[in-house]
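Architecture at a glance
One letter stands for each residue in the lines below.
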Amino acid sequence: MIADTDVRGDEKTDATQIFDLKGALAYASGIINTIREPLVVLYPNEIISSVNSSFYKTFKTDIRHTVGKNIFEIGNNQWNIPQLRELLEEILAKKTSFYDFEVEHNFEIIGHKIMLLNASKLIIRENSDQMILLAIEDITERRNLEKKIEKEKYIVSENKRLRGLARQKDEFFSIASHELRTPVTSIKAYAQLMEKDFEEAGNKQAVKMLSRMNVQIDKLAFLITDLLDATKIEAGQFKYHKTNFDFNGLVNEVLDEMRFVTRTHTIEARLAKTLFFFGDRERIGRVITNLLSNAIKYSPGTNTVIINTIHENDQLTLSVEDSGIGILKSDQKKIFGKFFRLKGAIADTFPGLGLGLFISADIIKRHNGIFNVQSKSGKGSVFSFSLPLDKVAAPAMEIAG
């Protein structure tokens, strides 16, 4: 009886142990499958003993193609990664674990991945082969985000550096323009005095030469003014003094000046009835001068430029038309940019800094107006700007650009 009791007691003990072992396995399995990172348990010969559900999901595989297979052979040998093989062999031979080893690899099914590997030996029971637990963390998005952040930091830093260079360049232009104005003004004054003296002395050849020199001095002064004004626009220091003025009176004044300096073109004016406009008379006059100068400069071989003014729907529109070289459609949106100049065998022969339209566009914008360009290469161009007319005359005022 005692022996029977001992046997039954032993059977009960074994059953209890089996039950406890099954419970422990279920508990461990539940934990492993809950972990979001892929986990792999390997035999010492790199054969896969088991994986968790995250491994199947991450690497698009199933139990038939995974468990019982050599890790380096699964998925069409896509896990045959030299670094991984070296690490696993090192673990078996020397170490018990390694942590945070980064591997970058192109997988056949899931594409390019950056993974963080952690591995450790598992001691199941004494005097048995030690298995390996391999944990895999996909850090591809994290690394891509870090790269993106680094790139953005570089872009911000580079933009800051470029803004600094641009500021230095603008300061240089501003200082150079100021410094150049004084000697150019003096040269202009001396040239005019000499021209007058030679004219009184009857030296026609000298008068002719000095007259040409005065024209070139005027061009230089105009370029210096462009540089200085472009710098002021960038710095927000381009001031406008707005008053009520006779718009057609301004146009006729500019026409008189242009007709005096040009010998190659006839400027035909088609002006609307006299009207008053509230704005910066000097700045608007500069825009008109620039459009007429460009029309003459870029239409060699022709002899007529047409200027129109139209007043309708409380809006004033001025246009300048030429029959010159025209502008490619791809360049028409660029011509108002700073330092932009037309390219080409013909266009490259024309002087200028590419600032006239940049400054003109800002002047019209500051008057709440808009620019328009209609052009075809080899067929000429029509530049126009439209300005809103105030119904009530406003007092004189000065504003910063």
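Residues numbered from 1 in each chain as written. Predicted model: local features only at pLDDT ≥ 70, side-chain atom pairs only at ≥ 80, totals over all residues. Heavy atoms only, no water.

Across its full length, the protein chain carries 9 helices and 13 strands. Of all 401 residues assigned to the protein chain, the portion counted as buried reaches 36%. For the protein chain, the proportion of contacts with a sequence separation of at least 24, taken over those separated by at least 6, is 62%. (Helix = DSSP H or I, 4+ residues; strand = E, 2+ residues; numbered from the N terminus. Buried < 20%, exposed > 50% of the residue type's maximum accessible area, 1.4 Å probe, protein only. Contact = heavy atoms within 4.5 Å.)

Let us look at the side chain of Ser 384. Among the structural elements, Ser 384 can be located in strand E12 (residues 380-388). In contact with Ser 384, other than residues within four places in its own chain, are Thr 317, Leu 318, Ser 319, Ile 370, Phe 371 and Asn 372.

Our next topic: the environment of Leu 255. Here Leu 255 lies in helix H7 (residues 247-261). Here Leu 255 falls in the buried class, since its relative accessible area comes to 0%. Spatially, the C-alpha atom of Leu 255 lies 9.1 Å from that of Ile 288, the residues being 33 residues apart in sequence. Ignoring sequence-local partners within four residues, the contact set of Leu 255 consists of Ile 267, Ala 269, Leu 292 and Ile 307.

Note that Asn 290 resides in helix H8 (residues 281-297). When its relative accessible area of 7% is taken as the criterion, Asn 290 is described as buried. Separated by 70 residues in sequence, Asn 290 and Ser 360 have C-alpha atoms that sit 7.6 Å apart. Contacts of Asn 290, omitting those with residues within four sequence positions, involve Gly 356, Leu 357 and Ser 360.

Looking now at the side chain of Thr 309. By the element assignment, Thr 309 lies in strand E9 (residues 304-312). On the basis of relative accessibility, which here comes to 5%, the residue Thr 309 falls in the buried class. There is a polar contact of 2.8 Å between the side chain of Thr 309 and the backbone nitrogen of Ala 272. Those residues in contact with Thr 309, other than ones at most four positions away along the chain, are Phe 247, Asn 248, Val 251, Arg 270, Leu 271, Ala 272, Thr 317 and Leu 318. (Polar contact = N/O pair within 3.5 Å; in protein donor to acceptor, adjacent residues only side chain to side chain.)

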